[in-house]
Amino acid sequence: MSVHTESAFESNIEAYLLANGWDSILPGSYDLRHGLFHNEYFAFLAASQPNEWETLQSYLGGETAARQVIAKTLADQIDRRGAIGVLRGTIKHSGVTLRSAYFKPANKLTPELGEKYAANRLGVVRQLHHSESKPGDSLDLVLVVNGIPVATAELKNPLTHQNVEHAMTQYRTDRNPADYIFRKRTLVHFAVDPHRAYMTTKLAGEQTRFLPFNQGTGGPGQMGGQGNPNAATGYDTAYLWEQVWQRDAWLDLIGSFVHEHDGTILFPRYHQWHAVRSLLAGTYESGAGKDRLIQHSAGSGKSNTIAWTAHALSRLHGADDTPIFDKIVVITDRKVLDRQLQETVAGLEHTPGTIVRIDKNSAQLKDALEGNAARVIITTLQKFPVIADTADAVEGNRFAIIVDEAHSSTSGDAVKDMKKVLSAELDTPEDGVTSSTDLIAESASARGKHANLSFFAFTATPKPKTLNLFGEKAVIDGHEVHRPFHLYSMRQAIEEGFILDVLANYTTYATYFKLATTSPAEGEEDPELPASKAKAQLAKYVSLHPSNIGAKAEIIVEHFRSKTSHKVGGRAKAMVVTRSRLHAVRYFQAIGKYIDDKGYDLRAFVAFSGTVTDPDAPEVTYTETFLNGGVSETQLPKRFAEDDAKVLVVAEKYQTGFDQPLLHTMYVDKKLAGVGAVQTLSRLNRTHPGKDDTFVLDFANTAEEIAEAFRPFYEQTLAEPADPNLLYNLEHDLKAANILDPTEMRAAVDALLSGDDARQPDIYANLAPAVTRFEALDHEEREGFRGKLDSFVRAYAFLAQIAFWTDTDLEELFLYGKALLVELPREPGAAVPLLSSTVQLTHLRNAVTFEGSNSLEAGTDEAGEALPGGGKGKQHEEPVDRLSALVAALNEKFGLDLDDADRVWFEQQKTVVENDDELRTVALHNDRSHFELVLRKRLDDMIVDRHEANGVLFDAYFANPDFRVRLMDFLGDAYDQFREGA
């Protein structure tokens, strides 16, 4: 046999398997009619269930007859229930129950189960002639469990000028999906060469979709891209047969991972399988009390990974053969995950009643925690505060807490209440007397880490605080950092094709404008205003100006029609992300009006919470349902999925967790940064048949800003360790202000923690003196104290969770300070007048500033800070400036390269002329002088129709003949535009 052939590759894989618990099965022993290896199945029965097999033989007239009957029964049951259903379940005949496989018992307390598990027969078949339609065809490898074929593999060797692509092509073109072995038996099919591996669970001819089954170039769970690391010895894909097909791992995969639902097989991708196995191995070694963070990108199948993790942890036993965890609590706010989790876990081996979804009220959570039956509990974090003081008899001592999207679910008092409910460490003092000091100590203890609680935090975009809470300590380039326990990066997900690169097609627009201030009335001065507030209001004035929104609405609709509408087989949709609810309303109205004016066949919807009143039309109150023609908030996602719904305008909704694969284009008119930028733009990254790319048109951010927002999450995210001792600096500054009195603090906190409604007056009585002392300070001292107290409260809520010590003084200051912040009177601040009455938009233009790929080539190794600036917050005075100076500054920034051709009013008139079909016809069939003659007759009426755009210029047109002439010259250029476009 030549060393360079495909056969040599096949032989080496087989040799490894045979040396590690697998048996060789002759291809001729395959029963084509039943799709089974009978000898293997009956050898398994004889070894694992000898009594049952002997009983059946006596009932059915001997071994030969029994083999024929049971083989047909087995085949029929697999046809009806699927291979997974039969392997995990039982079949019955003549009152005798048979199992088709035994999976590894969770503990060693029943040795007989271990013996039955060892009786499983795993076999490998080479060159199996499998096909009824093409008898000459053969499969390179078939993997068999107890006589049932469960997997196939086609192997290729680049030394013979064929690779994994040829293996996938062979499955697509040479293998008949209707053959029995593919249609009713096997679960997964692997295409493999020495460097890469792919898999599919369904053959569908040319439509067969293969998924990468590779480790990543950095190795499993590490930073890298698509592919595999170069192996120092052996094949790059050896992990497939050495790890995944390893006897125990393969049986565990079939017993605990593969899921069948409505004829569809769910088989884990490599990173999912490896993450769950790594979490189990690490938890087995550490026991309860160790937290872990899993950074898995969007498109990683995170929901299924959570489901598999929950199921596996619920069965995990330690070396002492006792469960490591008494209950698994899954914290999520996503209904999709709730449903998917239940379906996936329910499809795995479990006892009915052990999986409970808390979908009614907190009493249901209390019952599940206090009962014996529930092993996996799916709930929201918000239900724990309700039962914090009533769940006194929680069943069990050790809990695994799986958190979906960790950064949004792991801060504040709700987490403290959850820890309080689940912690086994918070006991009543031996003397039965609980002092105020004990209560404060208990409150502080509830915030920190607990030896009986393990958090498993899943997120695609971990913040520095999240990494400090749950990440692994590591030293990189001499610096201590926190890093994820397991990584499947955005880079790898993009390169493997599980998500699309939303930065690949990116266009940014800049809005250039000029403002003018009206002259102050006689005796009035140019007002002085807080610079940042006034600039913000000036920017808001421009952003909400009808001319600005109208111009952008035109860009959006025309871009969608010309560039997006034909994508995804003509089913593509777009989202418009706005900066406020009022912006959403005005954008929706402007887009709708433009569509109606043009007679386009497009349907737009809008999404925002609550009610909106437009200050320009205060008599009308807008709601999402009203603007959407009666479509309710709960109905909107389903309505938007329909083919006629094309554009969705949003404000603070649908920017996280919204999964609509047909969403192709996003129009952004909102500043985005950090996690928010990644989560918002990632609404586009879902794959769909026919969806090859995405597009972003951004009015508010530069390409560089967005790239920097994505960079920390593109590969591995790191965080600097936070120092809980920073709290002492803030504590010292607060006490030095002479506002806080220890006696008042203790009395108020004692009342707060008492749980006695009758003591509420004590809280206010002991806050009031501090408020009085606060009010006696000057403005600068008041704001300084408020800022430091707010910083302390925020920092403590986070740092107390990572400190390995508790400090009752800090806990007391936190509890008192949090209540005091609510009572401290707010400074009225410098009033900013309604600027729309003193400022006028005179120039406006939207222009492309970047167009092309904004894709990243690498992430960043710079660790983020959990508490920038030591947690001290804002440290500068608010400058003031004159309104005219602020307007001039904005004009300098945003009014570049503007001339009269950019004036809003003039452009509006020109647009009206250019959209007039009659004038277009005149221009195309006459010279300019005749065109201007007709234009002059029509112009008065056209100006009147547009008079609301600018009353001043409207008046000037009719009052000033010279103005009229200049406008006529300007608009006469439309003649050339008409003829050039013909």
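Here is what the cut-offs are and how they apply
Residues numbered from 1 in each chain as written. Predicted model: local features only at pLDDT ≥ 70, side-chain atom pairs only at ≥ 80, totals over all residues. Heavy atoms only, no water. Helix = DSSP H or I, 4+ residues; strand = E, 2+ residues; numbered from the N terminus. Contact = heavy atoms within 4.5 Å. Areas by Shrake-Rupley, 256 points an atom, 1.4 Å probe, with all protein chains shown as cover. Buried < 20%, exposed > 50% of the residue type's maximum accessible area, 1.4 Å probe, protein only. Pairing = 2+ DSSP bridges. Axes fitted to C-alpha atoms, helices over the stretch in contact; angles between N-to-C directions. Expected span 1.5 Å × (residues − 1). Parallel < 35°, antiparallel > 145°, perpendicular 65-115°, else oblique. Left-handed = near helix turned anticlockwise from the far one by under 90°. Nonpolar A, V, L, I, M, F, W, Y, C, P; charged D, E, K, R; others polar. Core = buried A, V, L, I, M, F, W, Y, C linked by side-chain atoms within 4.5 Å. Phe/Tyr/Trp six-rings, centres within 6.5 Å; stacked < 30°, edge-to-face > 60°. Lys NZ or Arg CZ within 6 Å of the ring centre and 35° of its normal. Salt bridge = Lys/Arg side-chain N within 4 Å of Asp/Glu carboxyl O. pLDDT = per-residue confidence, 0-100.

Turning our attention to the overall build of the chain. From N to C terminus, the chain includes 38 helices and 31 strands. Counting contacts in the chain only where the partners sit at least 6 residues apart, residues at least 24 apart contribute 75% of the total. Looking at the chain as shown, the accessible area adds up to about 43,300 Å², and 49% of this sits on carbon and sulfur atoms.

Turning our attention to helix α25 (residues 674-681). Judged by how many residues are buried, α25 sits mostly within the fold: 6 of 8 residues are covered. Those residues of α25 that fall on the buried side of the exposure criterion are V675, A677, V678, Q679, T680 and L681.

A few words now on the sheet that holds strand β14 (residues 355-357). Read from one edge of the open sheet, 7 strands run β14-β15-β13-β16-β17-β12-β20, paired in parallel fashion. The open sheet has two edge strands, β14 and β20 (486-488), and neither has a second partner. With strand direction ignored, the average angle separating the axes of adjacent strands in the sheet is 15 degrees. As defined by bridge partners, β14 adjoins strand β15 (residues 376-379) across 3 bridges and the pair is classed as parallel. Across the sheet, residue I355 finds its bridge partner in β15, namely V376. The sheet strands contacting helix α11 (residues 302-315) are β12 (292-296), β13 (327-331), β15, β16 (399-404) and β17 (453-459), and the helix crosses β16 at an angle near 175 degrees. Along the sheet face, helix α13 (residues 362-370) touches β13, β14 and β15 and points at about 165 degrees away from the line of β15.

Below, the discussion takes up α11. Taking 1.5 Å as the rise per residue, α11 with 14 residues should run 20 Å; its terminal C-alpha atoms sit 20 Å apart, in good agreement. Most of α11 is tucked away: 13 of the 14 residues are buried.

Glycine aside, a negative phi is what most residues show, and trans is what most peptide bonds show. Phi is positive for D321, which is not a glycine, with a value near 65 degrees. Mapped onto the secondary structure, D321 falls in the loop between α11 and β13. In this structure, D477 takes a positive phi of about 55 degrees despite not being glycine. One can find D477 in the loop between β18 (472-476) and β19 (479-483).

A pair of packed helices is captured by two measures, namely the crossing angle of their axes and the spacing between those axes. Running from amino to carboxyl end, helix α27 (residues 726-736) crosses helix α30 (residues 779-799) at an angle of 150 degrees, the nearest separation of the two axes being 10 Å. For the element pair α27 / α30, the angle class is roughly antiparallel. By crossing handedness, the relation of α27 to α30 is classed as left-handed. Note on element contacts: α30 touches α27 through F785, K788, L789, S791, F792, A795, Y796 and L799, opposite L727, L730, E731, D733 and L734. Counted by class, the contact of α27 with α30 contains 9 nonpolar, 1 polar and 3 charged residues.

Bringing the nonpolar core into the picture now. Counting residues in each nonpolar core, the largest one holds 123 residues, and the members touching the most others are F190, W245, W250, L648 and L681. The residues touching W245, leaving out its near neighbours within four places in the chain, are I13, L17, W22, L141, L143, A153, F190, L240 and W250. By size, the runner-up hydrophobic cluster in this structure holds 62 residues, among which are L365, I739, L740 and A770.

Right, let's talk about the sheet that holds strand β4 (residues 122-128) for a bit. The strand order β1-β4-β5-β6-β7-β8-β9 describes an open sheet built from 7 strands, whose pairing is mixed. Since the sheet does not close on itself, it has two edges, and those belong to β1 (23-24) and β9 (211-212), each with one partner. Pairing of β1 with β4 involves 2 bridges; the strand directions are parallel. Looking at the pairing, D23 lines up with G123 of β4. Relative to the sheet, helix α6 (residues 164-174) contacts β5 (139-145), β6 (148-155), β7 (188-192) and β8 (197-200), its axis offset from that of β7 by approximately 145 degrees.

On to the packing of aromatic side chains. For any pair of aromatic rings, the description rests on two quantities: the centre-to-centre distance and the angle between the ring planes. Tallying each qualifying case throughout the model produces 26 aromatic pairs. Here the aromatic cluster, defined as three or more aromatic residues joined through ring pairs, consists of F190, F213, Y239, W245, W250, F267, Y270 and W273. Sitting above the plane of the Y102 ring, R99 keeps its charged end 5.6 Å from the centroid. One Lys or Arg, K573, reaches over the ring of F640 and ends 5.2 Å from the middle of that ring.

Where β18 lies against β19, 5 bridges are found, and the strand directions are antiparallel. Note on β19: the bridge partner recorded for V475 is E480. The turn linking β18 back onto β19 is made up of 2 residues, and D477 within it adopts a positive phi angle of 55 degrees.

Quick look at the pattern of salt bridges now. For the structure shown, the criterion picks out 38 salt bridges. For E472, the salt bridge identified is with K290, shortest N-O distance 3.7 Å. Of the two residues, E472 is situated in strand β18 and K290 in the loop between α10 (270-286) and β12; the sequence distance between them amounts to 182 residues. Judged by its relative accessible area of 17%, E472 is buried. A relative accessible area of 32% places K290 in the partly exposed class. It is possible to trace a salt-bridge network through shared partners that takes in E10, E14 and R126.

For the chain, the average pLDDT comes to 84, and 79% of its residues sit at 70 or higher. Here residues 426-434 scores under 50 on pLDDT; set against residues more than four positions off or in separate chains, the count is 9 contacts.

Following the sequence through the fold, K383 ends up in the loop between β15 and α14 (384-387). Along the sequence, K383 and I358 sit 25 residues apart, while their C-alpha atoms lie 9.0 Å from each other. When residues no more than four places from it in sequence are discounted, the contact partners of K383 are I358, K360, N361, S362 and L365.

A few words on the environment of I499. Position of I499 relative to the elements: it lies in the loop between α18 (490-495) and β21 (506-517). A C-alpha to C-alpha distance of 8.4 Å links I499 and S300, two positions 199 residues apart in sequence. Discounting chain neighbours no more than four positions away, the residues touching I499 are S297, A298, G299, M490, A493, I494, N685 and T687.

Here we take up the side chain of T237. Among the secondary structure elements, T237 is positioned in the loop between β9 and α8 (238-244). T237 gets classed as buried once you look at its relative accessible area, which sits at 0%. Setting aside residues up to four positions removed in sequence, T237 forms contacts with F9, V192, D193, P194, H195, R196, A197 and N228.

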